Every structure is written in C-alpha cells, then in structure tokens.
Amino acid sequence: MSDQQSRATPDQSQAVKDNIVASRHRLEQALVKSGRPVDSAAILAVSKTKPATMLRAAFEVGQRLFGENYLQEALEKQRSLTDLEGIEWHYIGALQSNKTREVAEHFSWVHTVDREKIARRLNEARPTSMGALNICLQVNISREDSKSGVMPEALPALAEQVLALPNLRLRGLMAIPAASNDPEQQHVPHARLRELFEELIRRHPDAPLDTLSMGMSGDMEAAIDEGATLVRLGTAIFGSRD
Ligand SMILES: *Cc1c(COP(=O)(O)O)cnc(C)c1O
C-alpha cells in the first residue's frame, strides 16, 4: 500500500497539529524579527507523500493552503477530502505538457510555470467557471543546470506572455534555491528573487502581483527576512519523507 493511501495513526495526526501550531509561532517570530506585520505571510503545507488523514488533521487546526507535487497522488487525496470546505490546492511539482489539463481543472494555484508553452496550455484548459488560475513563475534563482525555472534574464518576457493570457492571473514568483545550511548564504538567493519581484511590479504596476513563494523548512527565516509572503513547509509540519 502506498504511503498516501495509508492512514495516519492518532499520534501522527496529533503531531501534525502540534507542528502546525509550532510552525505558525515560528513564522510569527520570524515576521516580528524582520519588522513585518504578523499577517503578512502565510504557510503553504507541503503534503507530498503524506496520507490524506494527515492533511485532514492539519485542516482541523485551521490550515487551508496545501501544496502537492505529484499529480495522481494529489488527485487521490483531493477525492478523499472533498468535504473540507475552503481547502485550497496549490500545484508545486514539475509540470509537463501532458499534465496541464488536470492541473488546470483541479488546482487554484500553480507555482511552477517556467515556459510559455505550459502557460498557454494551462490557459486553454482552465474551465472558465472556476475563475482565473493563480500563477507564480518559477525562477531558477541559483542558476543550476539540474533545476527547472526560468532564468532571471528571461523572466520579463515570460511575465508579459502570461499577463496576456485571460484565464491565468499572474500573482508572483517562486524559487527553490540551492540548499545551504549557512543562514548568511541563505539570504542571497531570496534577496535576488525579491529584487526580480520588485522589478516586475515596477514594470507592471496594475498587475495583481502580491506573492513571493519562497522559504522551506530549513530556510524559512531567511526567506521571511527577504520578503516571502508564502512559505512552503513540508518536513516542519508532516515530518521527514522516506
Ligand atoms: C518538498 C517541497 C517543499 C517542502 O520542503 P521541506 O524542506 O520539507 O519544507 C517546498 N517546496 C517545494 C517545491 C517542494 O517540492
């Protein structure tokens, strides 16, 4: 039986609830330390490989935003959680052309758009009855060959293309920086993404650009210090993934 089909034990569900509360506290402290309003960033609970019962536990203590990486796994969990009113699904996984239809039909947000072809397909597949699909453009901020994401110099052109698509709503930028345990080093890519975001806002003052999706369990404080509005926490909430 795959992990996402298995059930969480009562202890595991309680641990998720405790971790949500602790993560909120951690986020609040980071915001205060950075001189930011305590409501200026939110937590996206990254639940890949974790069973639906754990998401339900998180929902029970008020978590509403969930991020999933693997389409089929996400669709299964969505089917078993249809009773959770107000839950919001964010797709944060790699995006190939053959997945765009289902992503456009089953998610409120996509954080991983990095090329025009994918954007066009999402735009075409988005049911108008659902309203516009919220988009973050993924930037390859550490310029790693192995990572997806648009290169910083190609970002302005991609943003213009996405802004022209009526069924997409460009909300901001997302990045997965090269991992570092050094808090000083962790600031560098996050600061760079913030600069790109500010530049984008200057170019498009009328666009609804309000989201900087950056910071994970290991570098949330640096990301918040550089202006993150949505931190994507997996391990800190659901424990390690095997
Ligand atoms: C898995 C994942 C996360 C969460 O990472 P943690 O280090 O477990 O908090 C965040 N963002 C993306 C895109 C991921 O794939």
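Think of each chain on its own: its residues are numbered from 1, step by step along the sequence as written. Note on the predicted model: pLDDT of at least 70 is required for a residue's local features to be given, and 80 or more for side-chain atom pairs to be given and counted; whole-chain, interface and lining totals, by contrast, use all residues. Each side-chain value is derived from all of the structure's non-hydrogen atoms; neither hydrogens nor water enter the calculation.

*Asks:* Would you mind showing me how to read the pattern of salt bridges here?
*Replies:* For side chains of opposite charge, pairing can occur when their charged atoms come near one another. Criterion for a salt bridge: a side-chain nitrogen of Lys or Arg within 4 Å of a carboxyl oxygen of Asp or Glu. Going through the model one piece at a time under the given rule, you end up with 15 salt bridges. The salt bridge partner of Glu144 is Lys147, with a shortest N-O separation of 2.7 Å. Burial classes follow relative accessibility: with a 1.4 Å probe on protein chains only, a residue under 20% of its type's maximum area counts as buried, one over 50% as exposed, and anything between as partly exposed. When its relative accessible area of 26% is taken as the criterion, Lys147 is described as partly exposed. Look at the salt bridges and you will find they share partners, linking Glu68, Glu73 and Lys77 into a network.

*Asks:* Got a minute to help me understand the nonpolar core in this structure?
*Replies:* Within soluble globular proteins, side chains that are nonpolar tend to cluster in buried spots. We call a set of buried Ala, Val, Leu, Ile, Met, Phe, Trp, Tyr and Cys residues a nonpolar core when their side-chain atoms join them within 4.5 Å. Counting residues in hydrophobic clusters, the biggest one holds 65 residues, and the most contacted among them are Phe66, Val110, Leu122, Ile135, Leu137, Leu173 and Ile224. Membership of the second largest hydrophobic core comes to five residues, among which are Leu44, Val46, Ile92 and Leu230.

*Asks:* In this structure, what is going on with the UniProt feature "domain: Alanine racemase N-terminal" (unreviewed entry) in the chain? I would like to understand it.
*Replies:* UniProt positions are given in the numbering used here, feature names are shortened, and annotations may be inferred rather than shown by experiment. In the UniProt entry, the feature "domain: Alanine racemase N-terminal" (unreviewed entry) is given for residues 37-241. The distance from the first to the last C-alpha atom of residues 37-241 is 32 Å, and the span holds 37% helix and 19% strand. Only DSSP runs of H or I with at least four residues qualify as helices, and only runs of E with at least two residues qualify as strands; both kinds are numbered from the N terminus onward.

*Asks:* Please explain the environment of Glu144 as it appears in this structure.
*Replies:* Here Glu144 is to be found in the loop between strand 5 (133-138) and helix 6 (155-163). Once the C-alpha coordinates of Glu144 and Pro189 are considered, the two residues, 45 residues apart in sequence, prove to be 12 Å apart. Throughout, a contact is declared for two residues whenever any of their heavy atoms are within 4.5 Å. Setting aside its immediate chain neighbours within four residues, Glu144 contacts Ile176, Pro177 and Ala178.

*Asks:* Looking at this model, I keep getting lost on the UniProt feature "modified residue: N6-(pyridoxal phosphate)lysine" (unreviewed entry) in the chain. Mind explaining?
*Replies:* As recorded in UniProt, the feature "modified residue: N6-(pyridoxal phosphate)lysine" (unreviewed entry) lies at Lys48. The residue Lys48 is located in the loop between strand 1 (42-46) and helix 2 (52-60) in this model. If sequence neighbours within four positions are ignored, Lys48 has contacts with Gly67, Glu68, Asn69, Tyr70, Glu73, Lys77 and Arg241.

*Asks:* What am I meant to see in the packing of aromatic side chains here?
*Replies:* The geometry of an aromatic ring pair comes down to the distance between the two centres and the angle between the two planes. Note on ring pairs: Phe, Tyr and Trp rings are taken, using the six-membered ring of Trp, and paired if centres are within 6.5 Å. Classes follow the plane angle, with under 30 degrees stacked, over 60 edge-to-face and the rest tilted. Applying the stated criterion to the full structure yields two aromatic pairs. Geometrically, the ring pair formed by Phe66 and Trp89 is tilted, given 6.1 Å between the ring centres and 40° between the ring planes. With Phe66 in strand 2 (residues 65-68) and Trp89 in strand 3 (residues 88-91), this pair connects stretches of sequence that are 23 residues apart. As far as the burial class goes, Phe66 and Trp89 line up, both buried. The ring centre of Phe59 lies 3.6 Å from the NZ or CZ of Arg64, which sits over that ring. Over a ring means this: the NZ of a Lys or the CZ of an Arg is within 6 Å of the ring centre and within 35 degrees of the ring normal.

*Asks:* What is the right way to look at helix 1 (residues 10-33) in this model?
*Replies:* Counting along an α-helix, one turn takes 3.6 residues, and residues three or four places apart therefore face a common direction. By definition here, a helix of n residues has an expected span of 1.5 Å times n minus one. End to end, helix 1 covers 35 Å across 24 residues, agreeing with the expected 34 Å (1.5 Å per residue, within 8%). Listing the buried residues of helix 1 in full gives Ser13, Val16, Lys17, Ile20, Ser23, Leu27, Ala30 and Leu31. Summarising the contacts, the buried residues of helix 1 are in contact with strand 1, helix 2, helix 8 (220-225), strand 8 (230-233) and helix 9 (235-238).

*Asks:* For this particular structure, what's the right way to read helix 6?
*Replies:* For helix 6, every residue scored as buried is listed here: Leu155, Leu158, Ala159 and Val162. One face of helix 6 carries all of its buried residues, which in axial projection span an arc of 100°. Elements that come into contact with the buried residues of helix 6 comprise strand 4 (109-113), helix 5 (116-125), strand 5, strand 6 (168-174) and helix 7 (183-203). The arc in question is traced by the directions running from the helix axis to the C-beta atoms.

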